[in-house]
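What follows is the residue order along each chain.
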Amino acid sequence: MSRSSSLPHCDSCGTDRKSPLSREIKTYGKWAWFLILFGISSKPTTVSFQCAQCGQVFDRLSPEELEHHV
C-alpha cells in the first residue's frame with residue numbers, strides 16, 4: 001500500500017494533500033495579519049486542505065505537523 005493512499009482524501013474525488021488538485025487554506029491570528037502587513041512572515045494557526053474540484057475540506061494539519069510547516 002502506498003503512502004498517498006493512506007492519507008485522508010476527498011470522499012467524492014479521491015484527492016489527497018499531495019495531489020496537485022488540493023489547496024492549502026491557511027488561517028492566521030490577528031497579530032499575524034498585523035505582521036504580514038509590514039512584510040514580516042508569520043506562521044498560520046491552522047492549515048486545512050481543500051479539493052479544487054468539489055470544494056470539500058478533507059484534511060487538517062495536526063499541531064505537531066503545524067510546528068514544522070513551511
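Calculation rules
- Residues numbered from 1 in each chain as written.
- Predicted model: local features only at pLDDT ≥ 70, side-chain atom pairs only at ≥ 80, totals over all residues.
- Heavy atoms only, no water.
- Phe/Tyr/Trp six-rings, centres within 6.5 Å; stacked < 30°, edge-to-face > 60°.
- Buried < 20%, exposed > 50% of the residue type's maximum accessible area, 1.4 Å probe, protein only.
- Helix = DSSP H or I, 4+ residues; strand = E, 2+ residues; numbered from the N terminus.
- Contact = heavy atoms within 4.5 Å.
- Pairing = 2+ DSSP bridges.
- Axes fitted to C-alpha atoms, helices over the stretch in contact; angles between N-to-C directions.
- Patch = residues over 30% accessible without salt bridge, like charges linked within 9 Å, V, L, I, M, F, W, Y side chains within 5 Å.
- Areas by Shrake-Rupley, 256 points an atom, 1.4 Å probe, with all protein chains shown as cover.
- Salt bridge = Lys/Arg side-chain N within 4 Å of Asp/Glu carboxyl O.

Could you clarify how one ought to interpret the packing of aromatic side chains in this entry?
For any pair of aromatic rings, geometry is given as the distance between the ring centres together with the angle between the planes. All told, the structure shown has 3 aromatic pairs when counted by the stated rule. Aromatic side chains Tyr 28 and Trp 33 sit 5.4 Å apart centroid to centroid with 70° between the ring planes, which places their arrangement in the edge-to-face category. Taking the relative accessible area as the measure of exposure, Trp 33 reaches 48% and is therefore partly exposed. Arranged with centres 5.1 Å apart and planes meeting at 65°, the rings of Phe 34 and Phe 38 form a pair that is edge-to-face. A residue is classified by how much of its surface remains accessible, and Phe 38, at 61% relative accessible area, is exposed. Taken together through their ring pairs, the aromatic side chains of Trp 31, Phe 34 and Phe 38 make up a single cluster.

What should I look at first to understand the environment of Cys 51 in this one?
Within the fold, Cys 51 resides in strand S2 (residues 46–51). When its relative accessible area of 0% is taken as the criterion, Cys 51 is described as buried. In this structure the C-alpha to C-alpha distance between Cys 51 and Pro 8, which are 43 residues apart in sequence, comes to 12 Å. Other than its neighbours up to four places away in sequence, Cys 51 contacts Cys 10, Cys 13, Thr 15, Leu 21, Arg 23, Gln 56 and Phe 58.

What should I look at first to understand the sheet that holds strand S3 (residues 57–60) in this one?
Either a parallel or an antiparallel arrangement is found when strands of a sheet pair, and the pairing is made through backbone hydrogen bonds. Ordered in space as S1-S2-S3, the 3 strands form an open sheet in which the pairing is antiparallel. The outermost strands of the open sheet, each flanked by one partner alone, are strand S1 (22–27) and S3. The sheet shows a mean angle of 30° between the axes of neighbouring strands, direction not considered. When S2 meets S3, the two strands line up antiparallel, connected through 3 bridges. Directly across from Phe 49, in S3, lies its bridge partner Asp 59.

When you look at a nonpolar patch on the surface in this model, what are you seeing that I'm missing?
A cluster of nonpolar side chains, Trp 31, Phe 34, Leu 35, Leu 37, Phe 38 and Ile 40, forms an exposed patch at the surface whose accessible area comes to about 730 Å². Inspection of the secondary structure assignment puts Trp 31 in helix H2 (residues 30–37).

Explain the side chain of Ser 19 here, please?
The residue Ser 19 is located in the loop between helix H1 (3–6) and S1 in this model. Overall, Ser 19 belongs to the buried group, its relative accessible area being 18%.

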